[in-house]
Amino acid sequence: MSSLALRKSAPAAGTTPGTAQGPPLRRRIALVPTLTLLLGALYCLLPVAWVVIAATKSGRELFSTFTFLPGTGFTQNVKDLNAYRDGVYWRWMGNSALYAGLGALLSTAVSALSGYALAVYRFRGRETVFNVLMAGVLMPPVILAIPQYLLLAEADLTDSYASVLLPLILSPYGVYLARIYASAAVPGDVVEAGRMDGASEWRIFIRIALPMMVPGLVTVFLFQFVAVWNNFLLPYIMLSDDEKFPITLGLFTLLEQGANTPALYTLVITGATLAVLPLIALFLVIQRFWSLDLLSGAVKS
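Residues numbered from 1 in each chain as written. Predicted model: local features only at pLDDT ≥ 70, side-chain atom pairs only at ≥ 80, totals over all residues. Heavy atoms only, no water.

1. Regarding the overall build of the protein chain
Consideration 1: Looking only at helices and strands, one finds 14 helices and zero strands in the protein chain.
Consideration 2: When the helices and strands of the protein chain are read in sequence order from the N terminus, they spell out α-α-α-α-α-α-α-α-α-α-α-α-α-α.
Consideration 3: Looking at the 301 residues of the protein chain, the share that counts as buried comes to 32%.
Consideration 4: For the protein chain, the proportion of contacts with a sequence separation of at least 24, taken over those separated by at least 6, is 72%.
Consideration 5: Surface summary for the protein chain: the accessible area is close to 18,600 Å², and the carbon and sulfur share equals 69%. (Helix = DSSP H or I, 4+ residues; strand = E, 2+ residues; numbered from the N terminus. Buried < 20%, exposed > 50% of the residue type's maximum accessible area, 1.4 Å probe, protein only. Contact = heavy atoms within 4.5 Å. Areas by Shrake-Rupley, 256 points an atom, 1.4 Å probe, with all protein chains shown as cover.)

In structure tokens form, the structure reads like this:
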């Protein structure tokens, strides 16, 4: 009798005592988000893969070979792109770097000051100002583009670099992120201690608060840089001189001309492939800086 009970209670071979028997339901459920993420990644990366592979094809191969079969014309495509209108493509790339780099820096600085002020200081109307900024986050850019054009036209600033840079300086979403991060990263006791030591408000912001906000501001800079680099509507409305075009608008003009000159399609695809490289490089650099900054903060704490 006792031996029979022992045999019934003994665990099955290859299993761990005390674990439930049966199919691993939790593992199967855990696979669902993983598969969903893989499908989402495939959906996002498939067009990128197509552009990269198409950039390796000559004009003849582009329309006569299998879609995802690499070609042999990448080097010639780059040479043709360099030769097109004496290298105007690189002028467009430089303009995009100017708009995105300077615009993201100015926007990050304004976001840092505004977010810190809204997070640290208590003043009448603070929540109203913040709510107005939040309304700006929900406002589609297409609604603001025409009023911005009319305002800059009154100031005689259209068709200039300033007409693209000025509307980008204030980013409601950047201010929102800066305020949230400043509220979490800058302790009020530290600010009060700086005041008791006789430091000015500007010195407290520069020497104490700003280093604490760096990881959040790096995120603001990255988001704003990518948004400006990919911006098409604002330059399309503001600019008429193609020497001032960013890369998005320049490639659009090439694509329009490709309707009559199919040979330009290879230039558009090659140019689009090269235009992605600065964003990838920036993300890798900032991601490394971001990780190191967060790691150093954890070690200090």
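Having put the structure on the table, let's press on.
2. Some details on the environment of F68
Consideration 1: Inspection of the secondary structure assignment puts F68 in the loop between α3 (59-62) and α4 (74-83).
Consideration 2: C-alpha separation for the pair F68 and A49, spaced 19 residues apart in sequence, amounts to 8.1 Å.
Consideration 3: Those residues in contact with F68, other than ones at most four positions away along the chain, are L46, A49, W50 and I53.

3. Notes on the pattern of salt bridges
Consideration 1: Counted according to the given criterion, the structure contains eight salt bridges.
Consideration 2: Two residues, E127 and R179, come together in a salt bridge whose shortest N-O distance is 3.2 Å. With E127 in helix α6 (residues 126-138) and R179 in helix α9 (residues 172-185), this residue pair connects regions lying 52 residues apart in the sequence.
Consideration 3: Here E192 ties to R195 by a salt bridge, and the two come within 2.8 Å at their closest N and O atoms. Taken together, the positions of E192 and R195, both in helix α10 (residues 188-196) and three residues apart, correspond to about one turn of that helix.
Consideration 4: Counted as one network, the salt bridges with shared partners bring together R85, R91, D242 and E243. (Salt bridge = Lys/Arg side-chain N within 4 Å of Asp/Glu carboxyl O.)

4. A word on the side chain of R179
Consideration 1: Classification of R179 by relative accessible area gives buried; the value is 11%.
Consideration 2: Here the side chain of R179 touches E127 through a polar contact of 3.2 Å, side chain to side chain.
Consideration 3: Other than its neighbours up to four places away in sequence, R179 contacts G115, L118, A119, R126, E127 and F130. (Polar contact = N/O pair within 3.5 Å; in protein donor to acceptor, adjacent residues only side chain to side chain.)

5. Overview of the packing of aromatic side chains
Consideration 1: Taken as a whole and assessed by the stated rule, the structure comprises 15 aromatic pairs.
Consideration 2: Seen from their ring centres, F63 and Y265 are 6.4 Å apart, and the 65° between their planes marks the pair as edge-to-face. One end of the pair, F63, is in the loop between α3 and α4; the other, Y265, is in helix α14 (residues 264-300), and 202 residues separate them in sequence.
Consideration 3: When its relative accessible area of 26% is taken as the criterion, Y265 is described as partly exposed.
Consideration 4: Ring pairing ties together the aromatic residues Y116, Y121, W202 and F205, which thus form one cluster. (Phe/Tyr/Trp six-rings, centres within 6.5 Å; stacked < 30°, edge-to-face > 60°.)

6. Considering the nonpolar core
Consideration 1: By size, the foremost hydrophobic cluster in this structure holds 35 residues, and its most contacted members are Y89, W92, F225, W229, I247 and L254.
Consideration 2: Sorting the residues of this core by element identifies α5 (88-120), α8 (161-165), α11 (201-229), α12 (233-238), α13 (247-258) and α14 as the ones contributing at least two each.
Consideration 3: Contact partners of W92, with chain neighbours within four places excluded, come to D242, F245, P246, I247, G250, L251, T253 and L254.
Consideration 4: Counting residues in hydrophobic clusters, the runner-up holds 13 residues, among them Y116, V120, I204 and F205. (Core = buried A, V, L, I, M, F, W, Y, C linked by side-chain atoms within 4.5 Å.)

7. Remarks on the packing of α5 against α11
Consideration 1: Here α5 crosses α11 at 140°, and the two axes come no closer than 7 Å. The orientation of α5 with respect to α11, classified from their angle, is oblique. Pair α5 / α11 crosses with right-handed handedness.
Consideration 2: The residue inventory of the contact of α5 with α11, partitioned by class, reads 21 nonpolar, seven polar and no charged. (Axes fitted to C-alpha atoms, helices over the stretch in contact; angles between N-to-C directions. Parallel < 35°, antiparallel > 145°, perpendicular 65-115°, else oblique. Left-handed = near helix turned anticlockwise from the far one by under 90°. Nonpolar A, V, L, I, M, F, W, Y, C, P; charged D, E, K, R; others polar.)

8. Points about unusual backbone geometry
Consideration 1: At R85, a residue that is not glycine, the phi angle is positive and equals roughly 50°.
Consideration 2: Here R85 lies in the loop between α4 and α5.
Consideration 3: With relative accessibility at 40%, the residue R85 sits in the partly exposed group.
Consideration 4: A positive phi is found at D86, a non-glycine position, where the angle reads about 60°.
Consideration 5: Note on placement: D86 falls in the loop between α4 and α5.

9. What about α9?
Because each turn of an α-helix spans 3.6 residues, side chains separated by three or four positions in sequence point in the same direction.
Consideration 1: Over its 14 residues, α9 runs 20 Å from end to end, which matches the ideal 20 Å to within 8%, given 1.5 Å per residue.
Consideration 2: Within α9 the residues assigned to the buried category are G174, V175, A178, R179 and A182. Here the buried residues of α9 occupy an arc of 135° about the axis, which is enough to place them on one side.
Consideration 3: Packed against the buried residues of α9 are α5, α6 and α11. (Expected span 1.5 Å × (residues − 1). Arc of directions from axis to C-beta.)

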